[in-house]
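A closer look at the structure
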Amino acid sequence: MLLEARHLRYSYRSDCVVQDFSLTLRPGDFTVLLGPNGSGKSTVLRLLAGYLPTQQGEVSLDGRVLSRLSHRERARLIAVMPQNHVPTLDFTVEDIVMLGRNSRLPRLAPPGPADWAAVHSALDRLGLRHLSGRSCRRLSGGERQRVSLAAVLAQEAQILLLDEPCSALDPANSLAVMELLSTLPGSPAILLISHDLTSAVRYARQVILLHEGRTIASGPPESALSHENILSAYHCASELLRDSQGNLCLSLRSAP
Amino acid sequence: MKFLRRYPLLLPALALLLIALAGLVLGSRCLWPTEFYQSGAWHPLLGLRLVRVLGTIIIGGGLAISGLIFQAILRNPLAEPFTLGVSGGGALGATLAIVLGVRALSQYAVPGGALIGALLALGLVLLVSQSGDWSSESLLLSGVIVGTICASLLTYLLSITQHEELAGVTWWLLGDLQGLDLRLLWPAAVYTLFALLLLRWLAGELNALALGEEQAYYLGVNARRLLFLLVLLASLLAAFAVCLAGIISFCGLIIPHIVRRIYGCDHRKIVFTTFLWGASFLLLCDLLSRSIFPAREIPIGVLTALVGGPIFLLLLKRGGHYAA
């Protein structure tokens with residue numbers, strides 16, 4: 001499954017937030033979309049998911065224009081995790097994760113064994129099985145974020161678009177989630193929005209750096225996250241280092 | 001609780017059956033089942049009570065599922081069938097029919113006025129919120145504004161209404177199940193059954209929509225179209241209820257809350273249960289309204305608040321959330 005975006009442009013009234021954005025996501029890709037606040041990352045994700053109609057450019061899946069797919073078909077292929085939110089109704093953790101199966105569930109029959117297997121597997125992967133009967137409104141922000149991710153995994157889509165999936169997680173859970181995503185079976189293509197440059201350097205095979213709606217760098221983290229690019233996007237000085245185990249990490253400090 | 005969740009229809013169906021039977025038997029005069037059919041003829045009182053019981057089931061169940069829909073799609077626990085101004089429009093239409101004396105021309109003037117008023121209010125809400133793409137926020141805001149305008153006009157009408165007409169208007173505003181007409185009940189019954197089945201068909205998508213329009217879209221739901229369809233479905237249920245029996249508050253607000261607390265939030269499991277509990281609740285209130293002071297019925301709207309309120313407060317106090 002190949003997700004392609006070509007020359008996307010999007011404006012909210014006269015405010016252009018995404019300009020000339022292009023991307024190709026192949027099976028097994030792990031791409032991290034980086035950029036300062038307000039650089040257009042979430043708008044890009046909404047365009048790629050088809051939630052916002054493209055004003056210029058095109059998004060296609062295996063050569064088929066995304067907007068021509070039915071809603072259920074699209075959801076079977078692309079799973080999206082928006083930023084953390086609290087459901088108004090008292091849905092249980094299991095209810096929310098089962099909602100990930102919505103596009104695959106028959107309308108009148110109850111969920112089948114395959115649906116339950118996907119839900120339980122997603123809960124187990126994120127260590128949430130013991131919370132399955134708990135109301136989502138009674139969870140912490142981090143737990144709710146893992147529930148949202150479990151729903152995305154239960155969707156069993158081939159393309160995952162994740163908007164800051166670790167923003168509310170503690171370091172251990174954040175690390176566990178990144179490990180989980182980078183080793184998912186079936187080689188789904190992943191596009192992940194993040195503010196965590198260190199984990200982007202460590203896990204991403206490709207990063208895209210946005211600044212004021214434009215892509216200022218893209219490619220492997222070692223080259224895309226150069227000192228100049230980081231300075232240009234975040235106005236911070238940076239240095240790429242290797243730790244004792246050979247993993248890349250990024251050191252940031254205020255620009256002089 | 002686990003037993004109730006495993007068999008969600010058992011208890012409300014049993015309750016509905018028993019209360020409906022009590023509704024046929026009890027009243028200003030007790031009519032025992034042995035008297036239902038005597039000397040080759042049905043008892044005339046039975047027909048009247050049967051119409052009232054059937055009407056109450058349709059109205060109570062319809063209001064409850066209308067409230068269930070509105071609370072989910074507007075993501076607002078205070079939403080109820082009349083949130084989008086349907087009751088305000090209906091009340092205005094019915095009051096105009098009474099004040100202008102049209103009631104004297106036809107027995108259908110008041111329900112007709114209520115239905116037209118309710119539909120006009122709904123149409124206005126949909127028209128105004130079109131600029132906001134019928135999002136839940138724009139629907140809610142337009143509904144509140146249209147409802148407030150209708151309420152102001154209604155207050156003005158009441159202030160210039162003559163004393164003898166005022167009693168009729170007040171009685172209608174508090175809900176009135178005494179004058180249910182079988183000819184008006186049929187279309188309402190057919191529509192309610194249709195709405196119930198359609199809602200069950202859409203229940204999985206309603207679950208997704210309850211998370212928000214954007215989230216629902218990512219889960220494979222045409223959120224805007226579904227929202228519009230459900231607003232129409234729920235508002236028409238409320239409009240039929242207003243047309244048949246005036247404004248019966250509380251039923252559409254508390255029954256969905258109580259059902260969710262007992263059975264959970266998965267709409268695939270609670271659509272029929274909500275209908276049955278709504279019907280049972282309104283039947284019980286109606287039974288009380290005509291049994292406490294048989295000589296003069298208590299308005300049904302007063303009873304729904306007096307019975308439902310304490311039950312709801314009790315549930316809140318016990319915090320009956322989802323035990324795993």
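Quick word on the overall build of chain B
Secondary structure assignment for chain B yields 14 helices and two strands. Seen through its C-alpha atoms, chain B measures out along the principal axes to roughly 65 × 50 × 40 Å. Contacts in chain B between residues far apart in sequence, at least 24 positions, make up 75% of those at least 6 positions apart.

Here's the deal with the overall build of chain A
In terms of regular secondary structure, chain A is built from nine helices and twelve strands. For chain A, the C-alpha radius of gyration of 19 Å lies close to 18 Å, the compact-globule estimate for 256 residues. Taken along its principal axes, the extent of the C-alpha atoms in chain A is 60 × 45 × 35 Å. Taken across its 256 residues, chain A has 43% of its residues classed as buried. Within chain A, contacts between residues separated by at least 24 positions form 64% of all contacts whose residues are at least 6 apart in sequence.

A few points about the environment of Gly204(B)
Positionally, Gly204(B) belongs in helix α9 (residues 182–209). Through-space distance from the C-alpha of Gly204(B) to that of Val302(B) is 35 Å; in sequence the pair is 98 residues apart.

A look at the sheet that holds strand β9 (residues 206–211) of chain A
Residues and elements named next belong to chain A. Within the open sheet, the six strands sit side by side as β6-β7-β8-β3-β9-β10. Their pairing is mixed. Bordering the open sheet on either side are β6 (78–81) and β10 (214–219), each of which pairs with just one other strand. Neighbouring strand axes in the sheet, compared pairwise and without regard to direction, differ in orientation by 15 degrees on average. In this sheet, strand β7 (residues 159–163) lies alongside β6 in parallel orientation, the contact comprising four bridges. Bridge assignment links isoleucine 78 to a residue of β7, and that residue is isoleucine 159. Each of β6 and β7 is contacted by helix α5 (residues 141–154), which is oriented at about 175 degrees to β6, the strand it contacts most.

A look at the interface of chain B and chain A
You'll often see interface size given as the accessible area lost when the parts meet. Across the contact, 25 residues belong to chain B and 25 residues belong to chain A. Listed by contribution, the elements that provide at least two residues to the side of chain B that touches chain A are α9 and α10 (213–218) of chain B. Per-class residue counts for the side of chain B that touches chain A are 13 nonpolar, eight polar and four charged.

Observations regarding the sheet that holds strand β5 (residues 64–65) of chain A
Residues and elements named next belong to chain A. Spatial strand order, β2-β1-β4-β5: four strands in an open sheet with antiparallel pairing. Each edge of the sheet is formed by a strand with only one pairing partner; in this case those strands are β2 (15–25) and β5. Pairing of strand β1 (residues 3–12) with strand β4 (residues 56–61), which is carried by five bridges, proceeds in the antiparallel orientation. Residue glutamate 4 lies in a different strand from β4, and its bridge partner there is serine 60.

Considering the confidence of the model for chain A
Taken as a whole, chain A shows an average pLDDT of 92; of its residues, 100% reach a score of 70 or greater. At the low end of the mean pLDDT range in chain A sits strand β12 (residues 248–254) of chain A, at 84; at the high end sits β6(A), at 97.

Considerations on unusual backbone geometry
Positive phi outside glycine occurs at His7(A), with the angle close to 50 degrees. Along the polypeptide, His7(A) turns up in strand β1. Phi is positive for Arg75(B), which is not a glycine, with a value near 50 degrees. Taking the C-beta count within 10 Å as the criterion, Arg75(B) has 19 such neighbours and is therefore assigned partly exposed.

About the criteria used
- Throughout, residues of each chain are indexed from 1 in the direction in which the sequence is written.
- Following the order in which they are written, the chains are lettered starting with A and the ligands numbered starting with 1.
- Totals for whole chains, interfaces and linings use every residue, but because this is a predicted model, local features are given only for residues with pLDDT of at least 70 and side-chain atom pairs only at 80 or more, for both listing and counting.
- Helix and strand labels come from DSSP, where a helix needs a run of H or I of at least four residues and a strand needs a run of E of at least two; each type is numbered from the N terminus.
- Contact definition: two residues whose C-beta atoms, as placed from backbone geometry, lie within 7 Å.
- Two things to know: the radius of gyration comes from C-alpha atoms, and the globule rule equals 2.2 Å times the number of residues to the power 0.38.
- Around each residue's C-beta, the other C-beta atoms within 10 Å are counted; 20 or more make the residue buried, 12 or fewer make it exposed, and counts in between make it partly exposed. All C-beta atoms are placed from the backbone.
- Two strands make a pair as long as DSSP finds a minimum of two bridges between them.
- For helices, the axis comes from a line fit to the C-alpha atoms of the stretch in contact; other axes are also lines fit to C-alpha atoms, and the angle between any two N-to-C directions lies between 0 and 180 degrees.
- Basically, the charged four are Asp, Glu, Lys and Arg, the nonpolar ten are Ala, Val, Leu, Ile, Met, Phe, Trp, Tyr, Cys and Pro, and anything else, Gly included, counts as polar.
- As a per-residue measure, pLDDT reflects the predictor's confidence and takes values from 0 up to 100.

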